[in-house]
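# Coordinates in review
Here is how the chains run, residue by residue.
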Amino acid sequence: MAAGGNRRGGPTREMRLLVLVVVVLLELACPADALDNGLALTPPMGWLHWERFLCQTDCSQDSRRCISEKLFMEIADLMVCDGWRDVGYQYLCIDDCWMAPTRDEQGRLQPDPKRFPSGIAKLADYVHSKGLKLGIYADVGNKTCAGFPGSYGYYELDAETFASWGVDLLKFDGCYCNTLDLLAEGYKTMSRALNKTGRSIVYSCEWPLYEKFMQKPNYTEIKQYCNYWRNYADIYDAWNSVRSILDWTSLHQDNLTSIAGPGGWNDPDMLVIGNFGLSWDQQVTQMALWAMMAAPLLMSNDLRHISFASKTLLQNKEVIAINQDPLGKQGYQLTKDNDGFELWERPLSGGAYAIAIMNRQEMGGPQTYRISLAILGNGLACNPACSIQQILPTSRKLGLHNWISSFKVLVNPTGTALLKIAAIEEKRSLGIL
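Residues numbered from 1 in each chain as written. Predicted model: local features only at pLDDT ≥ 70, side-chain atom pairs only at ≥ 80, totals over all residues. Heavy atoms only, no water.

## Overview of the packing of helix 5 (residues 155–165) against helix 6 (residues 180–197)
Contact geometry of helix 5 with helix 6 gives a least axis separation of 8 Å together with a crossing angle of 40 degrees. Considering their axes alone, helix 5 and helix 6 lie oblique with respect to each other. Crossing of helix 5 over helix 6 shows right-handed handedness. In this structure, helix 5 contributes Tyr155, Glu156, Asp158, Ala159, Glu160 and Ala163 to the contact, and helix 6 contributes Gly186, Thr189, Met190, Ala193, Leu194, Lys196 and Thr197. Residues belonging to the contact of helix 5 with helix 6 are distributed by class as follows: six nonpolar, three polar and four charged. (Axes fitted to C-alpha atoms, helices over the stretch in contact; angles between N-to-C directions. Helix = DSSP H or I, 4+ residues; strand = E, 2+ residues; numbered from the N terminus. Parallel < 35°, antiparallel > 145°, perpendicular 65-115°, else oblique. Left-handed = near helix turned anticlockwise from the far one by under 90°. Contact = heavy atoms within 4.5 Å. Nonpolar A, V, L, I, M, F, W, Y, C, P; charged D, E, K, R; others polar.)

What follows is the structure, encoded as structure tokens:
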């Protein structure tokens, strides 16, 4: 008789007991209801309508800004023909105000029939035909933030509806939810319901945003259910808004950076580059710092009317490569001095580092900042030597350096210099040591 078997060739009682113990331990270590959808291994990139287009539902008043299938089809066309898809922006996301005021007779959500006469499934087909993916919006509570039907009591039905339409991403808001227990259970239930459909649907949550005013969010639990999550108030098209998001993130970075990684990301909200409220230097700062924070890059602008400079910034492949770095480590503020400079660093794959120097001063002219390479990457970023490349605001090589050297950069008020540092191990080949 073979070892471990019985006379019938089957497993022994001891083996069956051992298998049962292993299964129980695995279930305890990896809960069955934890999010494991294999999606968002790098921060999602795309376009979202909310900040630029808000809740304009009267197409007769302003057809160009109206939340309608026409708008999303036009944006889909531009994402392809203007190169957005090719550099990584693949999700075309509908936010609030797409729904009809009531559910249909079967209790299903339905789009507004005048603004989306072809239905969401047809829109999804159109988006997919362009090589893009479609995102949609719903709410964990009784109503969406704009007052349309919420998903409370309909989680599984809504998940099935979205899957049947061919939706690829769900942004799940947190308005009109009465208690923290209902909020948490709603987000968990929708996560399980989406997985149950069998369709790959990226799950965007606003769970910690609504929870943090009453209790400290449990980010370990949140990551078990969500692919990315909002932590702070809605962004708006102004430097004060961008700055406040950066301030909050750096203040709480010890809790945020440790949890972010492939499959689960902190979301500081939309990119407002290409709109009206940011100067050129402030647009550079948002792009650079969103890349440093490993943030989802979801633009909210009008791709039909965007300047060449803003388009070039948003499509900068070197910045996108930092944002999408497969190591998936979120960057953090390393130092902040009394002269208004902030130094951020982000570990990258292959032992490289991204460095951002932000000048917070809002008066005067460009200021010089000197960086000691020995403090970067716990002394490893340039050990024993490294090459340095500036990526923003312009691309230029800053040469070879050793770990005890320093260098200077000139940064405009409210602007940022984004650098990449790659360590070089072989000393003798450099001729600088």
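## A few points about helix 5
With eight of its eleven residues buried, helix 5 lies for the most part within the structure. Buried residues of helix 5: Tyr155, Leu157, Asp158, Ala159, Thr161, Phe162, Ala163 and Trp165, and no others. Looking at the buried positions of helix 5, the neighbouring elements they touch are helix 4 (120–129), strand 3 (133–139), strand 4 (169–173) and helix 6. A positive phi of about 90 degrees marks Gly166, the residue just after helix 5. (Buried < 20%, exposed > 50% of the residue type's maximum accessible area, 1.4 Å probe, protein only.)

## Here's the deal with the side chain of Asn359
Following the sequence through the fold, Asn359 ends up in strand 11 (residues 353–359). A residue is classified by how much of its surface remains accessible, and Asn359, at 0% relative accessible area, is buried. There is a polar contact of 3.5 Å between the side chain of Asn359 and the backbone oxygen of Asn412. If sequence neighbours within four positions are ignored, Asn359 has contacts with Gly340, Phe341, Gln367, Val411, Asn412, Pro413, Thr414 and Gly415. (Polar contact = N/O pair within 3.5 Å; in protein donor to acceptor, adjacent residues only side chain to side chain.)

## Some words on the pattern of salt bridges
Taken as a whole and judged by the stated rule, the model has 21 salt bridges. Among the salt bridges present, the one from Arg243 reaches Glu362, with a minimum N-O distance of 2.2 Å. With Arg243 in helix 9 (residues 239–251) and Glu362 in the loop between strand 11 and strand 12 (367–372), this residue pair connects regions lying 119 residues apart in the sequence. The class for Arg243 is partly exposed, based on a relative accessible area of 22%. The residue Arg360 makes a salt bridge to Asp247 at a minimum N-O spacing of 2.7 Å. Note that Arg360 is positioned in the loop between strand 11 and strand 12 and Asp247 in helix 9, a separation of 113 residues in sequence. Put simply, Asp95, Lys171, Glu206, Arg230, Asp234 and Asp269 are held in one network by salt bridges that share partners. (Salt bridge = Lys/Arg side-chain N within 4 Å of Asp/Glu carboxyl O.)

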